[in-house]
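Analysis of the macromolecular model
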Amino acid sequence: MLQQWQDVLTRAQQTYGVDPATVVAVWGVESNYGQNFGGRPLLRSLATLSCFGRRQGFFQGELLATLKIIQNEKVPAERLSGSWAGAFGHTQFMPSTYLRLAVDFDGDGRRDLVDSVPDALGSTANFLAKAGWKPNLAWGYEVKLPRGFDASVAGRRNKQPMQFWTAKGVLRVDGSTLPAGNTPAALLLPAGAQGPAFVVTRDFDAIYSYNAAESY
């Protein structure tokens, strides 16, 4: 996919500062590169969720956003199918996210995340840029912890200068040191103190805002 869509991805990087590999990774996770959009009609899913469940107000807003997409963007309702929660298209935007951040990246005058790969990739790069993505900043590093490490300092919100983790004896998994400096970073232990460990930067937070799961 990186080679097939190289021109689009290069232009997205020049426009939004997000590297091609990250954009393509999101595309792969969200829809297997357009192979699996989800088969539930958005209008039916969101109308149902607007009347049942714990977040009716949220889904009512998403239902109204879907109606605006159909009316203003000329996307037929039958083309809008997705997950049970209403995410749709190549990179699975919620309808309200589409209205805020989708872009017409192929220049045809429409924002189409279903039938236009360039629009989907450009919109994803725009989302990450607006979420605070910083070019040339690694999203994180797999690390190994010293014996007896106090895991209570871990957590995505417990950001410390990168040098703090170095001073704690945290090394990259290959034994090399973390980058020097005061870049804010947090320690993640997704499987607990005995599992894999990662020191992550603000670019990880941008990805987290796309899908609020640390395992993403």
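The following refers to the structure shown. Quantities reported herein were computed from a predicted structural model and do not represent experimental measurements.

1. Some details on the pattern of salt bridges
Counting across every chain of the model gives five salt bridges. Here Arg-79 and Asp-115 are joined by a salt bridge, their closest N and O atoms 2.5 Å apart. Of this pair, Arg-79 sits in the loop between helix H4 (56–72) and strand E2 (81–82) while Asp-115 sits in the loop between helix H5 (95–101) and helix H6 (117–130); the two residues are 36 residues apart in sequence, bridging distant segments of the chain. Accessibility expressed as a relative area gives 36% for Arg-79, which makes it partly exposed. One salt bridge connects Arg-110 with Asp-112, and the closest N-O pair in it is separated by 3.6 Å. In this structure Asp-112 comes out as buried when scored by relative accessible area, which is 6%. Here the salt bridges do not stand alone but share partners, grouping Arg-156, Lys-159 and Asp-205 into one network.

2. Some remarks on the packing of aromatic side chains
Enumeration over the complete set of coordinates arrives at ten aromatic pairs. When the centroid spacing of 6.1 Å and the interplanar angle of 40° are considered together, the rings of Tyr-16 and Phe-105 count as tilted. One end of the pair, Tyr-16, is in helix H1 (residues 6–16); the other, Phe-105, is in the loop between H5 and H6, and 89 residues separate them in sequence. Pair check on accessibility: Tyr-16 and Phe-105 agree, each one buried. Arranged with centres 6.0 Å apart and planes meeting at 65°, the rings of Phe-93 and Tyr-210 form a pair that is edge-to-face.

3. A closer look at the environment of Gly-169
Mapped onto the secondary structure, Gly-169 falls in the loop between helix H7 (162–167) and strand E5 (171–172). Spatially, the C-alpha atom of Gly-169 lies 5.8 Å from that of Pro-146, the residues being 23 residues apart in sequence. Residue contacts for Gly-169: discarding those within four places in its chain leaves Lys-144 and Pro-146.

4. Thoughts on the sheet that holds strand E6 (residues 184–188)
Strand order across the open sheet formed by five strands is E4-E6-E7-E3-E5, with antiparallel pairing between neighbours. Two strands close off the open sheet at either side, each with one partner strand: strand E4 (160–161) and E5.

5. Some words on helix H8 (residues 202–210)
Three- or four-residue spacings in an α-helix give side chains the same orientation, since the helix completes a turn every 3.6 residues. Of the positions making up H8, those classed as buried are Asp-203, Phe-204, Asp-205, Ala-206, Ile-207 and Tyr-210. In this structure, the buried side of H8 is in contact with helix H2 (20–31), H6, E6 and strand E7 (197–200).

6. Thoughts on the packing of H2 against H6
H6 packs onto H2 with a crossing angle of 110° between their chain directions and a minimal axis gap of 10 Å. It follows that H2 is roughly perpendicular to H6 by the angle criterion. For the element pair H2 and H6, the recorded crossing hand is right-handed. Every residue of H6 that contacts H2 at Thr-22, Val-23, Val-26 and Trp-27 is listed here: Val-117, Leu-121, Thr-124, Ala-125 and Leu-128. Counted by class, the contact of H2 with H6 contains seven nonpolar, two polar and no charged residues.

About the thresholds
Residues numbered from 1 in each chain as written. Predicted model: local features only at pLDDT ≥ 70, side-chain atom pairs only at ≥ 80, totals over all residues. Heavy atoms only, no water. Salt bridge = Lys/Arg side-chain N within 4 Å of Asp/Glu carboxyl O. Helix = DSSP H or I, 4+ residues; strand = E, 2+ residues; numbered from the N terminus. Buried < 20%, exposed > 50% of the residue type's maximum accessible area, 1.4 Å probe, protein only. Phe/Tyr/Trp six-rings, centres within 6.5 Å; stacked < 30°, edge-to-face > 60°. Contact = heavy atoms within 4.5 Å. Pairing = 2+ DSSP bridges. Axes fitted to C-alpha atoms, helices over the stretch in contact; angles between N-to-C directions. Parallel < 35°, antiparallel > 145°, perpendicular 65-115°, else oblique. Left-handed = near helix turned anticlockwise from the far one by under 90°. Nonpolar A, V, L, I, M, F, W, Y, C, P; charged D, E, K, R; others polar.

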